[in-house]
Amino acid sequence: MSIVKQAKGFWASIVLAIVFSVVVQLLINGGQLNAFYVNTLFLIGINIILAVSLHLIIGITGQFSIGHAGFLAVGAYASAIITMKLQLPFGLALLVGGLAAAVAGLIIGIPSLRLKGDYLAIATLGFGEIVRIIFLNINYVGGASGMQVSHLTTWPWLIGCVIFSILVIVNFTNSTHGRACISIRENEIAADAMGINTTYYKVTAFAIGAFFAGIAGTLYAHNFYIIQPTNFGFLKSFDILIFVVLGGLGSMSGAVIAAILLTIISTYLQDYPETRMIIYSLVLIVMMLYRPQGLMGTKEITSLFKGRKSVKGGVQDESKHTVA
Amino acid sequence: MLNIQNLNVYYGNIQALKGVSLEINEGEIVTLIGANGAGKSTLLKTISGLIKPKDGEILFEGQNIAGKVAQSIVKKGVSQVPEGRRVFANMTVEENLELGAFLRKDTKGIREDFEKVYNLFPRLQERRKQQAGTLSGGEQQMLAMGRALMARPRLLLLDEPSMGLAPLLVKTIFRIIQEINDTGTTILLVEQNANMALSVADRAYVIETGRIVLDGTSDELNQSDQIRTAYLGGH
C-alpha cells in the first residue's frame, strides 16, 4: 500500500512540476515576469542541478569533493565549443557538456578516490584549479578574456534538465546502487567487508555527479553570453558545497531548498558583493550553532525509503520554521 | 577448509605477520588468541581481502584467495564481522541486514536467512525499524553478526565479538556463536578474552608479535602453564 502511496506522491509531484513550468512559461511569454526575475529563476535552476549533483557525491556517497566548479567549467566550455565553434544544436551541446564532465570525473575520480577525507578534498580542490588554469591558457576558447556564447538556454530546457537530474539522482539513491553508496558513507570498512565494491561505487557516483554538473555548466554558459575562467574559481565550488551542507548532508530536498534560498539571497545582495560573503558566512555559522545537521538533516532519505510521505512533509515544515 | 601457508603481511616497512601458517577444518570453531598488536586482526583482514599480503598462500577450499578483492572472497563464502561492530548507524536494522546480502540475487534464500537471523537474535526483530546507531553495544554486535550471516557464509570470521560488552552479554554472544556453529558454519574467532574463547573453540592458535607460537586443542591449551600465566590470569 505504501508503494501505491509513494507512486501517487511521485506522479503528483511530476504533475505539479509540469503545471509550474507551464505557468512560468506563460508568464514569460506574456511579459509579466521581467528579465530580472527570469534570470533569477534560471540561476536557481542551474544551482539546483549543481546542488543535487554534489549532493550525490558528498551527501550520499560521503566523498568530500570541493572541485565541483571544475566539472561546471568542463561542461560550460565543451558545450560552448559545440554550439559556437561547430555550430551544432543546443541539445547536442547539453549531452556533450555532460559527457565531457563525466569523463573528467572518471579521470580525476579513479586515482583520487583512493584518498579519504581531507586528502580527497585537497585533491579535488587542486583539480578544480587545474581546470580553470588550463582554460585560462587555451587561446582557442579565448583564454582570460573568455568566450562569447549565444543565449540559448530557454525555460523548457532548463526546467527539463532540473526535473531530469532530480529524477535520475532520486532513483539512483533509492536503488541497490544507492544503498551501496550510502553504506560507503556510513562505514567504508564495513561496506568493504560486506563485499561491496567501494571503489566502483565511489567512481560511479563521482561520474554521475560530474555529468549533471556538466549539464549545469552547459545551461550556465548559454545563459550569460560570455564565459570566463574566473567564473569557475574555487569560490564557485564553495558556493555549491554550501548548498549541500546547509541543506543537510544526505538530504536532497535540503540541498534543493538551500540552493533556492541562497540564490535568492545572493541575487538580492548583488549590489553589495562584500556583504554577500559576510551574510553567507553568518548563515553558515548560525546554522552550525543551532542546526549542525543542516536544514533537513538526513530525514528525507529515510522517509523516502519507508515511503512515509507524512513524515517527510512534517520535517520540511519544521525546517522552514527554523529558517524563518 | 581454510589453509594458510607462510603468510607475510606488511604495513609499510613494518612486518605485521611473519610466516603465519594455520589450518581450519570444516565445522570447527578455531580461535586465535593473543595480546594487543600481535596481529590477530591483521590476519582476519588479510583473509577477508581488506589487506593484501606480500606473499604466502590462503587456500579456501583449495583455491588461493590471497590478495583477491574483498567482494570475490565474500562471494566464495567467507564473511567477516569487523572489529568494533561497524554497523551502518543511520540505517535501520533491516537495511543493515539487507546490505549483508548485497551480493546475493536469490530473493527466496535471502528471505529465509532473514528468518534465521531473527530466530537467532529475537532482539533484532523487535528493533527491525530502529536506526542501528541507537542500539546498545550488545545489540550492535548481534546486528554485525546477523549482517555477516546474511551473506550465507561457510566460514565466518569474528573479530573480537566480546569487545566492550557486559559479562552477561558476552556469555549470550558466545552461546550464539556456538549455535551458529551448530548449524554448520565454520568459525574463526579472534579474541582477547582467552577464557571464553577456549570454552567454545575446538582448537586454538596463539599469536605473538606476528608469529604463531603455539597451537593445539582447546583442552591442551587450557592445561598449558605457559598459556595460563600469559593469557588466562592463572598462577
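Nothing here was measured: the structure is a model prediction, and the numbers come from that model.

What counts as what
Residues numbered from 1 in each chain as written. Chains lettered and ligands numbered in written order. Predicted model: local features only at pLDDT ≥ 70, side-chain atom pairs only at ≥ 80, totals over all residues. Heavy atoms only, no water. Salt bridge = Lys/Arg side-chain N within 4 Å of Asp/Glu carboxyl O. Helix = DSSP H or I, 4+ residues; strand = E, 2+ residues; numbered from the N terminus. Pairing = 2+ DSSP bridges. Contact = heavy atoms within 4.5 Å. Buried < 20%, exposed > 50% of the residue type's maximum accessible area, 1.4 Å probe, protein only. Core = buried A, V, L, I, M, F, W, Y, C linked by side-chain atoms within 4.5 Å. Buried area = accessible area lost by both parts, 1.4 Å probe. Polar contact = N/O pair within 3.5 Å; in protein donor to acceptor, adjacent residues only side chain to side chain.

Novice: I'd like a description of the pattern of salt bridges, backed by residues and values.
Specialist: Working definition: two side chains of opposite charge can pair if their charged atoms are close together. Residues and elements named next belong to chain B. A full pass over the atoms with the stated rule returns 17 salt bridges over all chains. In this structure, the salt-bridge partner of Glu160 is Lys40, at a minimum N-O distance of 3.9 Å. Of this pair, Glu160 sits in the loop between β7 (155-159) and α7 (167-182) while Lys40 sits in helix α1 (residues 40-47); the two residues are 120 residues apart in sequence, bridging distant segments of the chain. The partner of Arg128 in a salt bridge is Glu94, with the nearest N and O atoms 3.6 Å apart. You can see Arg128 sitting in the loop between α5 (122-126) and α6 (137-149) and its partner Glu94 sitting in helix α3 (residues 93-100), a full 34 residues away along the chain.

Novice: Lay out the sheet that holds strand β4 (residues 55-60) of chain B with the relevant residues and their values.
Specialist: All names here are of chain B. Here we have 4 strands laid out as an open sheet, ordered β2-β1-β4-β5, and antiparallel in their pairing. In this open sheet, the two edge strands, each paired with only one partner strand, are β2 (14-24) and β5 (63-64). Relative to β2, strand β1 (residues 2-11) runs antiparallel, the two being bridged by 7 bridges. The residue of β2 that forms the bridge with Leu2 is Ile24.

Novice: Quick one: what's the story with the environment of A:His55, residue by residue and with numbers?
Specialist: All names here are of chain A. Along the chain, the position of His55 falls in helix α2 (residues 35-60). Considered as a pair, His55 and Lys236 are 181 residues apart in the sequence and their alpha carbons are 15 Å apart. For His55, the residues in contact, after removing those within four places along its chain, are Ile60, Ile169, Val244, Gly250, Ser251, Met252 and Ala255.

Novice: Run through the environment of B:Glu98, naming residues and quoting values.
Specialist: Looking at the element boundaries, B:Glu98 is found in helix α3. What makes B:Glu98 partly exposed here is its relative accessible area of 34%. Along the chain, B:Glu98 and B:Ile110 lie 12 residues apart, while their C-alpha atoms are 8.3 Å from each other. Setting aside chain neighbours within four positions, we find B:Glu98 in contact with A:Arg179 and B:Phe114.

Novice: So what's going on with the nonpolar core? Residues and values would help.
Specialist: Formed by 92 residues in total, the largest nonpolar core has its most connected members in A:Phe71, A:Ile196, A:Leu219, A:Ile227 and A:Phe232. Discounting residues that sit within four places of it in the chain, A:Leu219 has contacts with A:Ile46, A:Ile49, A:Phe90, A:Leu94, A:Thr153, A:Leu158 and A:Cys161. In this structure, B:Phe121, B:Met142, B:Ala144 and B:Leu156 belong to the second largest nonpolar core, which totals 45 residues.

Novice: Residue-level account of the interface of chain A and chain B, with values.
Specialist: Counting residues at the interface gives 21 residues for chain A, matched by 21 residues for chain B. Both sides of the chain A and chain B interface together cover about 1900 Å² of buried area, and 65% of this is carbon and sulfur. A salt bridge links A:Arg179 to B:Glu98; its shortest N-O distance comes to 2.8 Å. Summed over the shared surface of chain A and chain B, the number is 4 residue pairs in polar contact (both at pLDDT 80 or more).

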